[in-house]
Structure formats: C-alpha cells, structure tokens
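# Close look at the chain arrangement
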Amino acid sequence: MANVRLEDIKRRFNNVTAIEDITFEIPDGEFWVLVGPSGCGKSTILRTIAGLESATSGKLFIGDRLVNNIPARQRDVAMVFQNYALYPHMTVAQNIAFGLQMRKFDAKTIQDRVVTVARSLSLEHLLDRKPKQLSGGQQQRVALGRAIAREPQVFLLDEPLSNLDAQLRDDTRAELKQLHQKLGITTIYVTHDQVEAMTLADKIVVLNNGRIQQIGEPQSIYGCPA
Ligand code: ADP
Ligand code: ADP
C-alpha cells in the first residue's frame, strides 16, 4: 500500500491539453473515484499513474518515490480495463498466475496466491475453465484477480463494470467493495456511474475539461442520501 500524490500534473497531446493543474494526494488505503463527462481526462490521469502515459509536466509520487521516469512495470501498480482481455488459451488459474510468473515468483507462492485470490472472488470452482466458458461477470472477476494477485501498492480501475449487465454490475460492485475492505489497497476508480461513485468512494474527484472542478466526500458532491 502507498499514498499517491499528483503535483500540478499536465498532459498535452500535440496541441491538445488533455489534463492540467491536477493536484491531489490519496492517503494510503483509500478508495478514490474520478468522475466527469467523456473526454474530461479521467483515463489520462489513470494511465499517467500507471505509467502508460507520461506527464508533460508536474510530479507524480507513489509512496515516497517520484515515479515520473519509472517504467510501468516497475511501479507496483495494477490496472484493470473495461474490456477485461483475459488470455483466451489459458485457464482461469493460469490467467491469475500470469503476472506472478512474469515476475518470477516461486511456484509455492504462486499456488498460494491463486488459491487466496480465487477464494476472495468466488472463483474456486472455475479455476480450470477457459475464459470463453465464463460469463462476463466471471471474466471480469478473473481480470480483477489477475490484477490483485501480485498485491500491488496501487490498484487502478477504468470503468471495470461498464460492460456488465445491471444485475452483474451490482453484484460485482459489492464484491469490489468487500475486496477493498479486506485488502485495503489504495484504489483509483474511473466511472460515469453515480451509484458506483456514491457507494465505493472515500473521495470523489470531479473533472471537467481536463481540470479538477471539485474534490469531496460523496455526500458533499451528490447531496445527502435520503
Ligand atoms: P476521459 O477518460 O475522461 O473520457 P481522456 O483522458 O480519454 O478522457 O481524454 C482527455 C482528452 O485527451 C480528450 O480530449 C481526448 O481526446 C484527449 N486524448 C486522450 N488520449 C489522446 C491521445 N492518445 N492522443 C490525442 N489526444 C488524446
Ligand atoms: P501484468 O500483471 O504484468 O501487468 P497483465 O497480463 O495484466 O500483466 O498485462 C500485460 C500487459 O497488457 C500490460 O502492459 C497491461 O497494461 C496490458 N493489458 C492488460 N490487460 C489489458 C486490457 N484489458 N486492455 C489493454 N491492455 C491490457
């Protein structure tokens, strides 16, 4: 776990400013949600934290470490996308284990982690299946499992539930919340769904046109729940 601090981050693509004046600090273990209209810069912020984009200017810290020039693979950050992109020829267990094998974890640790992750996401009975033998919700749980198996310091989710139907979205959202309560990994979550933001967030960052419009607790953003 680690705090995440952005200091005056800006990202320009040619002459388009995607984000600017982005400054906030997420305390260790909190769950923050980025909201705002399409094109406001949510994904650019996540991808910059992940190291998939580089900031044009500004400073990005994970823990005490300035990571601007640290490649994605060395940032100890895991990211889940809306199109869960599991490896189709691998089983669920192999998908979950993949990132650990890449990082040369020993076989015993990998086995233990796969079992623990499968248990926490109710995937134990599916470990030998291939992705195409799973429902969309199950596939997305595997994608979450693959991301958390290596116990990253920071967990980034870009609209992870938006391809699921309404019931699965509710169930998976509840599972995500439980998972966060159990693991306490610092999490940054992009959505345009107000219910997701309300139920998951410690703090919500409202973006508009590449800038921060407001940061606050869900009640202060959306008003008190009835
Ligand atoms: P959001 O995730 O909120 O929909 P994005 O971060 O994807 O917003 O995009 C923010 C702005 O940056 C948009 O104007 C988008 O067109 C622009 N942008 C994002 N990625 C690129 C890119 N690779 N090249 C050029 N412009 C980009
Ligand atoms: P690791 O855990 O080592 O990041 P992954 O299998 O999760 O390994 O990802 C391998 C590469 O593929 C990473 O660079 C990651 O950013 C990218 N990736 C993983 N899932 C997706 C996805 N759904 N969409 C786009 N890129 C992805």
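For the structure, see preceding data.
This structure is a prediction, so every number in the text was calculated from the model and none was measured. (Residues numbered from 1 in each chain as written. Chains lettered and ligands numbered in written order. Predicted model: local features only at pLDDT ≥ 70, side-chain atom pairs only at ≥ 80, totals over all residues. Heavy atoms only, no water.)

Lining the immediate surroundings of ligand 1 are Phe13, Ala18, Pro37, Ser38, Gly39, Cys40, Gly41, Lys42, Ser43 and Thr44. For ligand 1, the protein covers 59% of the area, taking 560 Å² as the surface of the free molecule. Ranked by residues supplied to the shell around ligand 1, first place goes to helix H1 (residues 42-50) with three residues. Residue classes in the shell around ligand 1 are distributed as four nonpolar, five polar and one charged. (Near = heavy atom within 4 Å. Areas by Shrake-Rupley, 256 points an atom, 1.4 Å probe, with all protein chains shown as cover. Helix = DSSP H or I, 4+ residues; strand = E, 2+ residues; numbered from the N terminus. Nonpolar A, V, L, I, M, F, W, Y, C, P; charged D, E, K, R; others polar.)

On to the packing of helix H2 (residues 92-102) against helix H3 (residues 107-120). Contact geometry for H2 and H3: axes closest at 10 Å, N-to-C directions at 130 degrees. One element, H2, and the other, H3, form an angle in the oblique class. The two elements H2 and H3 cross, and the hand of that crossing is right-handed. Residues Ala93, Ile96, Ala97, Leu100 and Gln101 of H2 touch H3, and the partners they reach there are Ile110, Arg113, Val114 and Val117. Residue composition of the contact of H2 with H3, grouped by class: seven nonpolar, one polar and one charged. (Axes fitted to C-alpha atoms, helices over the stretch in contact; angles between N-to-C directions. Parallel < 35°, antiparallel > 145°, perpendicular 65-115°, else oblique. Left-handed = near helix turned anticlockwise from the far one by under 90°. Contact = heavy atoms within 4.5 Å.)

The end-to-end C-alpha separation of H3 is 20 Å, in line with the 20 Å expected for 14 residues at 1.5 Å each. Looking at H3, one finds that the buried residues are Ile110, Arg113, Val114, Val117 and Ala118. Here the buried residues of H3 occupy an arc of 125 degrees about the axis, which is enough to place them on one side. Turned more than 90 degrees off the buried face of H3, the exposed positions are Lys108 and Arg119. The opening residue of H3, the one whose side-chain oxygen lies 3.2 Å from the backbone nitrogen of Lys108, is Asp106. Following H3 by one or two positions, Ser122 has its phi on the positive side, about 55 degrees. (Expected span 1.5 Å × (residues − 1). Buried < 20%, exposed > 50% of the residue type's maximum accessible area, 1.4 Å probe, protein only. Arc of directions from axis to C-beta. Polar contact = N/O pair within 3.5 Å; in protein donor to acceptor, adjacent residues only side chain to side chain.)

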